[in-house]
Amino acid sequence: MSMPTKLFEPLKLGPITLANRVVMAPLTRNRAIAPGMVPSPLAVDYYGQRASAGLLITEASQVSQQGQGYQDTPGIYSKEQIAGWKKVTDRVHERGGRIFIQLWHVGRISHTSLQVNGGAPVAPSAIGAKGKTFVNGTFADVSKPRALELSEIPGIIESFRKAAANANEAGFDGVEIHGANGYLLDQFAKDGANKRIDAYGGSIENRARLMLEVAKAVVAEIGSARTGIRISPVTPANDISDSNPQPLFDHIVDGLDALKLVYIHVIEGATGGPRDIAPFDYASLRKRFSGAYMANNGYDFELATKVLAANEADLIAFGKPFISNPDLVERLKMGAPLNEWDKATFYGGGAKGYTDYPTLEAAEAAQ
Ligand code: 8OZ
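Here is what the cut-offs are and how they apply
- Residues numbered from 1 in each chain as written.
- Predicted model: local features only at pLDDT ≥ 70, side-chain atom pairs only at ≥ 80, totals over all residues.
- Heavy atoms only, no water.
- Axes fitted to C-alpha atoms, helices over the stretch in contact; angles between N-to-C directions.
- Helix = DSSP H or I, 4+ residues; strand = E, 2+ residues; numbered from the N terminus.
- Parallel < 35°, antiparallel > 145°, perpendicular 65-115°, else oblique.
- Left-handed = near helix turned anticlockwise from the far one by under 90°.
- Contact = heavy atoms within 4.5 Å.
- Nonpolar A, V, L, I, M, F, W, Y, C, P; charged D, E, K, R; others polar.
- Near = heavy atom within 4 Å.
- Polar contact = N/O pair within 3.5 Å; in protein donor to acceptor, adjacent residues only side chain to side chain.
- Areas by Shrake-Rupley, 256 points an atom, 1.4 Å probe, with all protein chains shown as cover.
- Phe/Tyr/Trp six-rings, centres within 6.5 Å; stacked < 30°, edge-to-face > 60°.
- Buried < 20%, exposed > 50% of the residue type's maximum accessible area, 1.4 Å probe, protein only.
- Core = buried A, V, L, I, M, F, W, Y, C linked by side-chain atoms within 4.5 Å.

## Let's talk about the packing of helix α1 (residues 41-49) against helix α2 (residues 79-94)
One way to put it is that α1 packs onto α2 with a least axis distance of 8 Å and a crossing angle of 30 degrees. The angle between the axes of α1 and α2 places the two elements in the roughly parallel class. Helix-helix and strand crossings are classified by hand; for α1 and α2 the assignment is right-handed. Judged by residue contacts, A43, V44, D45, Y47 and G48 of α1 engage W85, K87, V88, R91 and V92 from α2. Residue composition of the contact of α1 with α2, grouped by class: 6 nonpolar, 1 polar and 3 charged.

Here is the structure:
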């Protein structure tokens, strides 16, 4: 007996139609091939196995070498990376899936060993984050950043625009701008990390400026109907904080609505943690935005069904369950049990814990 649910109804998203409302959230897996940070042949299998999701969003992919913060994360700035991603999008499309790439600049969450000529990572202000990254096979403190010069900001925007053009060339259906989780665009937006006194710091309008200018440049390159964004108003991830997130994110979403983005992907609460970590009115964002609202964080079938029925969201993104269940959509449909995920194989390594989780069919055949 299955409960009535909108989870498996199609949704029109700009020029494409998603087969269902189940989205594979972006998930960092650190399996790109060094030194070029090219998606590996295993990534082709991994995303292809998950193509029954209504939409796949790739792992965060840096828009430049400067935008990289961890070992072996893929990029979308070189010819080789574009060619690697093209194999991924071809496989997903062959299987009837749809796929966006997440465009990422980590800002201060990086390490000198990953930066051009071993330089300091860049940030809105020269304030270090408390936190670790994974480099050279081990965890290390993130490096102290330097503040971006005003004259460098157009180059940051240009790196996102170029990455969107590259994504187009690689066959993606669209892009998701990573505006969440304490990375560069979130660092600019939030006053815990941004102490600038120029046009990109101080007021809410100024702190939101970079995120909105990046969105505008990406929209100009590939169109608003193929541009989404991820935000996380109250997450403490990567040592980020803001003294008053509600008016900040109301303003940001008004700006995104004016640009006609196709969706906002909202991490409700603490990324991968409690949904109720801080008070925040997500309905206010939903109300302000005419595109699709994609909800994320700790959803299961029941909560997803409830939120869709109440029209509080259009799409639901699932993270960790998609790591261990390539056929998550089928399992949710059938009310079948889910495979457990193995944390030890989330980041780095090869096929183990990546492409070897069984589908229901494979599990039954093996019995
Ligand atoms: C886990 C490990 C490294 C990066 C994010 C891109 O939180 C990430 C990430 C997650 O958005």
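## Thoughts on the side chain of S232
Relative to the assigned elements, S232 resides in the loop between β11 (227-231) and α6 (245-258). Excluding residues that lie within four positions of it along the chain, S232 makes contacts with A180, N181, D186, K190 and I267.

## A look at unusual backbone geometry
Of note, the bond from A34 into P35 is cis; its omega dihedral lies within 30 degrees of zero at 5 degrees. With respect to the helices, strands and loops of the structure, P35 is situated in the loop between β3 (22-24) and α1. Phi is positive for N238, close to 55 degrees, though the residue is something other than glycine.

## Things to note about the site of the ligand
With respect to spatial proximity, the complete set of residues near the ligand consists of T28, A60, Y70, W104, H178, N181, Y183 and Y347. For the ligand, an oxygen atom lies 2.7 Å from a polar atom in the side chain of H178. Between the ligand and N181, the relevant distance is 2.8 Å, taken from an oxygen atom to a side-chain nitrogen or oxygen of the residue. Contact with the protein chains hides 77% of the accessible area of the ligand, taken as 310 Å² for the molecule alone.

## Focus on the packing of aromatic side chains
Following the criterion strictly, the structure yields 12 aromatic pairs and no others. Ring centres of Y47 and W85 lie 6.2 Å apart, and the angle between their planes is 55 degrees; this geometry places the pair in the tilted category. Taken together, the residues Y47 in helix α1 and W85 in helix α2 connect sequence positions 38 residues apart. Taken as a pair, Y47 and W85 share a single burial class, namely buried. By the ring-pair criterion, three or more aromatic residues cluster together here, those being Y46, Y47, W85, F172 and Y354.

## Details of the nonpolar core
Counting 82 residues, the largest nonpolar core has Y47, L285 and I316 as the members making the most contacts within it. Broken down by element, the residue count for this core peaks at 10 residues, all from helix α5 (residues 204-222). Ignoring sequence-local partners within four residues, the contact set of L285 consists of I231, P233, F249, D250, V253, I264, V266, F280 and Y293. Judged by nonpolar contacts, the second largest core, of 15 residues, contains L11, I57, F100 and V262.

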